[in-house]
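Structural description and commentary
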Amino acid sequence: MPDIVVMFFLLGLFAGLLKSDLTIPKAAYDTLSLLLMLTIGLKGGMALHGAISWSLVGELALIALLGGLLPLLVLPVLRHIVKLTWADSASIAAHYGSVSAGTFAVVLTYVESHQLVFGAQTTLYLVMLELPAIIVALALYRKFKADSDTVTTNAGNAAIWHETLTNRGVILLAGGVLIGWMYGPLEGAQVTQLLTGAFKGVLALFLLEMGLTAAETLRPFPWRQWKALAFAIITPLVFAMIGVMSGSAMNLPEGSTLILATLLASASYIAAPAAIRSAIPDANIGLAMLLSLGITFPFNVTVGIPMYHSWVNYFAGI
């Protein structure tokens, strides 16, 4: 059976498709997402307590490089095969190059429940992959479609950098890592145990809301966008394979490789929409959310993660 937290997502998806009056108040959802990202950061920081080394720098640099390369792979596909506008192509490239904190939480739970070995720095993968894809996708968009006014462009770049780097997800993840690293699992236990102990419960409620939201993006089902829908299934498979091969090449532990593959297969629905909405006003954010949250997220948390785990085991046996 799938992990119990995945069943909460399926419950929300089922309720949404049935047009149930089940809702989670926005304030409650905001609280859940804040707790989720902060706790993910704390868990990673506490695991890094006393274990930081310079050898991590090269590993994290390679991870960030992967994040910057992904939009370069999908932008031509979106523009010339899926036949989207430059604005929508850049927008979706940013969403699929960036990563999903919700998917990370699910794969982290999967790894822990299956007792797979993973490195504490995997939380930093989430931080390192969040930003490069957004920046690269926006740079590509500006290259092809941006206004030639230098002053306007510079002002826009400054705003994009500020909004991206001060996004609440980035602040909470990075801040949580720092606090967890400073205090460790013992010194700050009165606070951290409360958060980490409730992690799976918070994740379950968060996924319940994600199921409701995913169902909303699928009504009515956009059959005319079949190329984009196919992209939302095929791309995670390709990116996950890149993650598996990259993790194997870097000799990462089994759990770390699975986390990296799943992160690369995921698509952002928090950080990327926040940055794209103001940076590319003519992009169809609804389409990006349909693909990332309505198609790719359910695929990864229900089918993808176990599949990627089998790929990791296959490569390990070669």
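What you are looking at is a predicted structure, and each value in this text was computed from that prediction instead of being measured. (Residues numbered from 1 in each chain as written. Predicted model: local features only at pLDDT ≥ 70, side-chain atom pairs only at ≥ 80, totals over all residues. Heavy atoms only, no water.)

1. Some thoughts on the packing of aromatic side chains
Counted only if it meets this: Here is the rule: rings of Phe, Tyr and Trp (six-membered ring for Trp) pair when centre to centre is within 6.5 Å. Planes less than 30 degrees apart are stacked, more than 60 are edge-to-face, and the remainder are tilted. Think of it in three bands: with a 1.4 Å probe and only protein chains considered, a residue is buried below 20% of the maximum accessible area for its type, exposed above 50%, and partly exposed in between. Only lysine NZ and arginine CZ atoms are considered, and such an atom sits over a ring when it is within 6 Å of the ring centre and within 35 degrees of the ring normal.
Considering all chains together, one arrives at four aromatic pairs under this definition. Arranged with centres 6.0 Å apart and planes meeting at 85°, the rings of Tyr 314 and Phe 315 form a pair that is edge-to-face. By relative accessible area, which is 57% here, Tyr 314 ends up exposed. Sitting over the ring of Phe 199, Lys 43 keeps its end group 5.1 Å from the ring centre.

2. Overview of the pattern of salt bridges
Applicable threshold: Salt bridges are defined by distance alone: a side-chain nitrogen of Lys or Arg within 4 Å of a carboxyl oxygen of Asp or Glu. Helix numbering and strand numbering both begin at the N terminus, where a helix is a DSSP run of H or I of at least 4 residues and a strand a DSSP run of E of at least 2.
Taken as a whole and judged by the stated rule, the model has two salt bridges. Asp 30 serves as the salt-bridge partner of Lys 26, at 2.9 Å between the closest nitrogen and oxygen. Placement of the pair is Lys 26 and Asp 30 together in helix H2 (residues 26-48), with a separation of four residues, close to one helical turn.

3. Structural notes on a nonpolar patch on the surface
Stated precisely, the cut-off is as follows: For patches, a residue must show more than 30% relative accessible area and have no salt bridge; joins then use 9 Å for like charges and 5 Å for nonpolar side chains, namely Val, Leu, Ile, Met, Phe, Trp and Tyr. With residues, only the protein chains shown are counted as cover, and all accessible areas are computed by Shrake-Rupley using a 1.4 Å probe.
On the surface, Leu 178, Ile 179, Trp 181, Met 182 and Tyr 183 cluster together into a nonpolar patch covering about 490 Å² of accessible area. Position of Trp 181 among the secondary structure elements: in helix H9 (residues 168-187).

4. Notes on the confidence of the model for the protein chain
Inclusion rule: What pLDDT reports is the predictor's confidence in each residue, on a scale of 0 through 100. Pairs of residues are marked as contacts when any of their non-hydrogen atoms sit within 4.5 Å.
Per-chain confidence: the protein chain averages 83 in pLDDT, with 88% of residues scoring 70 or above. Mean pLDDT across the secondary structure elements of the protein chain bottoms out at helix H8 (residues 150-165), with 57, and peaks at helix H13 (residues 254-265), with 95. Below pLDDT 50 for its whole length, residues 147-152 participates in one contact with residues either more than four positions away or in separate chains.

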